[in-house]
Amino acid sequence: METPPRKKKSPWKIVLIVLGVVLLIGGSAFGYFVFKANETAENANKELERGDKSERRDETIDLTKDHFSVLLAGVDGGASLEEGRSDSLMVATFNKESRQVTLVSIPRDSYVDIILDEGEPFKDKINHAYAYGGIDTTIATVENLLDIPIDYYATINFDGIEDLVDAVGGVEIDVLIPISGKATGNVELEPGVQVLNGKEALAYARMRKQDPAGDIGRAGRQQQVIEAIINEATTINSFTKLNRIMNAVGENIRTNMSLSEASQLQPYTKSLKSFNRETLEGTDLTLNGVYYYELDPADLRDAQALLQTELGMPVTADEPSTDETDDSMTETTIY
């Protein structure tokens, strides 16, 4: 018996907007949104090689009944969405019972097992997984690290953040640290609550070297920007802005979530404005002159337990790992 074709896909921006559009704007706006989403869907669609279901799932999930997870990956702005490295990785879980959305950031330099379709796992920075095998290898690596299934994904060219922020008319951000200089595109920001345009928001989200907290600080700022975009997107009542957003989506985003699936996420509207936010913690590690970020085993177990609980899974992360970092392991490094 042949498997029926999946419904036409639409951009991840649906997840950020459709919740508010359906509830706040009404049927006519939603009809326009669906039309525009389908118009841009061809460019935004990218299926996973594994198919519809994670190998960690017994059966395909039902969004009307099940908890689920989404991997958000920001790709280096200079690369296409099919190449380069993931500059930012976040895992979001959606709990059907509590309507809670939990967002966990994974530092880009985290020293982890890279999981390939063929061959033995090897240690490297987690952001290199995308270069080794695109989103499929990245998902397999994240699933192995966090011991959870990844049901959906969305990748965004990080430069697309600039387009999205401008499309929603700017975002209000409580800027935590001052930034300046050529590394930020000559963007100058001082601490405090302010409305940022696309260029400013991108610089704020990407800057790392000027942050005393390094990659951890940047992960927190990226969460701030994403949350601010959602806050603006879910209150949009302008067809002009919807059109701008959808144009930005088609050029910068890939996802495997369908329009029909996204339309079932209305109950999470309020939760999308108030994430439970976490970032994996660890310590600096240098091997053979290369910098890595070694995740703290206890903190990783806590994150695994949190995500497993939010997904309604048995908690398997209650015992300390006996594996120690083996500096003699074969390393494959991308520079």
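So, here is what we can say about the structure in this document. Since the structure is predicted, the reported quantities are computational estimates derived from the model, not experimental observations.

1. Quick word on the environment of Val 193
Working step 1: Examined against the element boundaries, Val 193 turns out to sit in strand S8 (residues 192–196).
Working step 2: A residue is classified by how much of its surface remains accessible, and Val 193, at 57% relative accessible area, is exposed.
Working step 3: Separated by 21 residues in sequence, Val 193 and Glu 172 have C-alpha atoms that sit 6.8 Å apart.
Working step 4: With residues near it in sequence (within four places) discarded, Val 193 still touches Glu 172, Ile 173 and Asp 174.

2. Re the pattern of salt bridges
Working step 1: With the rule as written, the count across this model stands at 7 salt bridges.
Working step 2: In this structure, Glu 143 engages Arg 50 in a salt bridge whose closest nitrogen and oxygen atoms are separated by 3.6 Å. In this pair, Glu 143 is assigned in helix H3 (residues 129–146) and Arg 50 in the loop between helix H2 (27–44) and strand S1 (68–75), connecting sequence segments 93 residues apart.
Working step 3: For Glu 143, a relative accessible area of 9% corresponds to the buried category.
Working step 4: The shortest N-O distance in the salt bridge between Asp 109 and Arg 108 comes to 3.6 Å.

3. Remarks on unusual backbone geometry
Working step 1: The backbone of Arg 99 sits at a positive phi, close to 65°, despite the residue not being glycine.
Working step 2: Relative to the elements of secondary structure, Arg 99 occurs in the loop between strand S2 (86–94) and strand S3 (101–106).

4. Digging into the side chain of Ser 110
Working step 1: Residue placement: Ser 110 occurs in the loop between S3 and strand S4 (111–114).
Working step 2: Look at Ser 110 and you get buried, because its relative accessible area is 0%.
Working step 3: From its side chain, Ser 110 meets the backbone oxygen of Pro 107 in a polar contact 2.7 Å long.
Working step 4: When sequence neighbours within four positions are dropped, the list of residues in contact with Ser 110 reads Asp 124, Lys 125, Ile 126, Tyr 293 and Leu 295.

5. Observations regarding the packing of aromatic side chains
Working step 1: In total, this model carries 4 aromatic pairs according to the counting rule given.
Working step 2: Residues Phe 68 and Tyr 152 carry aromatic rings whose centres are separated by 6.0 Å and whose planes lie at 90° to one another, so their mutual orientation is edge-to-face. You can see Phe 68 sitting in strand S1 and its partner Tyr 152 sitting in strand S6 (residues 152–157), a full 84 residues away along the chain.
Working step 3: Residue classification places Tyr 152 among the buried positions, given a relative accessible area of 5%.
Working step 4: Judged by centre distance (5.0 Å) and plane angle (85°), the ring pair of Phe 122 and Tyr 132 falls under edge-to-face. Taken as a pair, Phe 122 in strand S5 (residues 122–125) and Tyr 132 in helix H3 lie far apart in primary sequence, 10 residues in all.
Working step 5: Its relative accessible area of 25% is what places Tyr 132 among the partly exposed residues.
Working step 6: By the ring-pair criterion, three or more aromatic residues cluster together here, those being Phe 68, Phe 94 and Tyr 152.
Working step 7: Taking NZ or CZ as reference, Lys 125 lies 5.8 Å from the ring centre of Tyr 292, over its face.

Rules and cut-offs
Residues numbered from 1 in each chain as written. Predicted model: local features only at pLDDT ≥ 70, side-chain atom pairs only at ≥ 80, totals over all residues. Heavy atoms only, no water. Helix = DSSP H or I, 4+ residues; strand = E, 2+ residues; numbered from the N terminus. Buried < 20%, exposed > 50% of the residue type's maximum accessible area, 1.4 Å probe, protein only. Contact = heavy atoms within 4.5 Å. Salt bridge = Lys/Arg side-chain N within 4 Å of Asp/Glu carboxyl O. Polar contact = N/O pair within 3.5 Å; in protein donor to acceptor, adjacent residues only side chain to side chain. Phe/Tyr/Trp six-rings, centres within 6.5 Å; stacked < 30°, edge-to-face > 60°. Lys NZ or Arg CZ within 6 Å of the ring centre and 35° of its normal.

These figures come from the coordinates and say nothing about function on their own.
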